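# Structural overview
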Amino acid sequence: MKKIILVTLAGLFSLLSFSQKIDKIINAAEVERIERVLAADDMQGRKTFTPGIDKAADFISDEFAKSKLRFFGSNTSYFQDIVMTKAKPVAVTGLLNNDSLTSANVAVNTTQAEVNIASLNDYEVVRVRKEDDFNKTVFPLFDREKNLLILVDTAHTRRFKSMQRFGGNAKFASTVSQVFILTANLEPSSFHLQVRNQLTEQRLKNVVGIIPGKSKKEEYVVFSGHYDHLGIGKANKDQDSIYNGANDDAAGTTAVIMLSKYFSKLKNNERTLVFVAFTAEEIGGFGSRYFSKQLDPAKVVAMFNIEMIGTESKWGTNSAYITGYEKSDMGKILQANLEGTAFHFEPDPYPKQNLFYRSDNATLAQLGVPAHTISTSKMDTEKFYHTLDDELETLDMNNMAEIIKAIAISSKSIISGKDTPSRVEKEK
Ligand SMILES: [Zn+2]
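A quick note: this is a predicted structure, and the numbers were derived from the prediction, not measured.

## Considerations on the domain arrangement of the protein
- When cut into domains, the protein gives domain 1 (26-70 + 212-415) and domain 2 (85-202).
- Computed from C-alpha coordinates alone, the two centres of domain 1 and domain 2 are separated by 33 Å.
- Each partner contributes to the interface: domain 1 provides 9 residues, whereas domain 2 provides 11 residues.
- Of all residues in domain 1, Phe286, Arg289 and Lys293 give up the largest surface area on contact with domain 2, accounting jointly for 50% of the area buried on that side.
- Here domain 1 and domain 2 share 0 salt bridges between them.
- Run the count over domain 1 and domain 2 and you get 0 residue pairs in polar contact (both at pLDDT 80 or more).
- Per element, the largest residue contribution to the side of domain 1 that touches domain 2 is 4 residues, and it comes from helix α7 (residues 286-293).
- Looking at the side of domain 1 that touches domain 2 residue by residue, the classes come out as 5 nonpolar, 2 polar and 2 charged.

Set out below in structure tokens:
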């Protein structure tokens, strides 16, 4: 009896000291301190390729240094530098059957100044038909190390045009080209094309730091969020023109910074923890796509991607959802680790919105990694999503602290090496 009481008391004390310890590191005041910097007007909306986002990267790097994180892989700082080449077709000649090809119906994804396709046999032909989901079909093609000729049905004209403006014409170092043709004829009998491109190099960076595992160094657990946002727009009636993105996704970035502080104090992780703030999510997920190529996906045991946790979920405070819940058993493991707490994780209640494929978890998930996004955003009604009003004042700092604590606690058995989530089925 005595012994039991003693044990229970000891258990209580350790629980108490544990909860005090975590509250000391993860709390609303700290959330606010970090959010105030990331969502400040002088970050100019953290748009990729602007000085504002570089300022944010410097801040995140300083915070990682305070957590005494190590650099990732062969990096010599917390920055993971990315060079992208943007190709703008300046001269286009060619024929698809008898239809002439011009810069209006051709998009190129290449690092080459000249692209020549003499016949249909030169490149592997891929078709994006009327009934295909454009994003789901096209996005994975950017990462295929193969010359591709992609015939896009004119039903997707709007998407094709926006791809021409954004992602479809920027590429990491690679010698292959992907050429997109907007056409009503997906079964041409003849084809030739010559494109001369104007090339510009663009630089961007992820911010990455690690805490090496004590015993399972080659098994990674990734915590991520994206630090880029939409930049500056047209002023509203309050003369505000800055997309501060306090929730999207300064909130996730804040969580990543705070988790790095917490786990570096705890220092008991058997697996290696990787903390990463991604760039360029809003313009096509380039940061996470690049990151996914810098490591062996087989070594990534789990990925916690954190997106928009600044508001209450549809179930109220102390709750959040997990995208792609049914695709691995990671959600169940997290729920089990939270048993006995006031916090609960739920499966994503907005399956029609395809959120699993719309954030930075998607690239690693497509490679088989149990990579999920944790969010509270009410995607059907979230008032300030991608608006000028996504500001600090709209965040619930206390609830955010509770969510970040819950993520820390729920990851416990994965970090210790006790649990290994099942893999996600790879995309073909
Ligand atoms: Zn976001």
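## A word on a positive patch on the surface
- A surface patch of positive charge is lined by Lys24, Lys68, Lys265 and Lys267.
- Counting through the fold element by element, Lys265 comes out in helix α6 (residues 250-266).
- You can call Lys265 exposed: its relative accessible area is 62%.

## With respect to the packing of helix α3 (residues 51-66) against α6
- Relative to each other, α3 and α6 sit at 20°, their axes nearing to 9 Å. The orientation of α3 with respect to α6, classified from their angle, is roughly parallel. As α3 runs across α6, the sense of the crossing is right-handed. In contact with Phe59, Ile60, Glu63, Phe64 and Lys66 of α3, α6 contributes Thr253, Val256, Ile257, Ser260 and Lys261.
- Broken down by class, the residue content of the contact of α3 with α6 amounts to 5 nonpolar, 2 polar and 3 charged.

Calculation criteria
- Residues numbered from 1 in each chain as written.
- Predicted model: local features only at pLDDT ≥ 70, side-chain atom pairs only at ≥ 80, totals over all residues.
- Heavy atoms only, no water.
- Domains from an automatic or database assignment.
- Contact = heavy atoms within 4.5 Å.
- Buried area = accessible area lost by both parts, 1.4 Å probe.
- Salt bridge = Lys/Arg side-chain N within 4 Å of Asp/Glu carboxyl O.
- Polar contact = N/O pair within 3.5 Å; in protein donor to acceptor, adjacent residues only side chain to side chain.
- Helix = DSSP H or I, 4+ residues; strand = E, 2+ residues; numbered from the N terminus.
- Nonpolar A, V, L, I, M, F, W, Y, C, P; charged D, E, K, R; others polar.
- Patch = residues over 30% accessible without salt bridge, like charges linked within 9 Å, V, L, I, M, F, W, Y side chains within 5 Å.
- Areas by Shrake-Rupley, 256 points an atom, 1.4 Å probe, with all protein chains shown as cover.
- Lys, Arg positive; Asp, Glu negative; His and termini not counted.
- Charge placed at Lys NZ, Arg CZ, Asp CG, Glu CD.
- Buried < 20%, exposed > 50% of the residue type's maximum accessible area, 1.4 Å probe, protein only.
- Axes fitted to C-alpha atoms, helices over the stretch in contact; angles between N-to-C directions.
- Parallel < 35°, antiparallel > 145°, perpendicular 65-115°, else oblique.
- Left-handed = near helix turned anticlockwise from the far one by under 90°.

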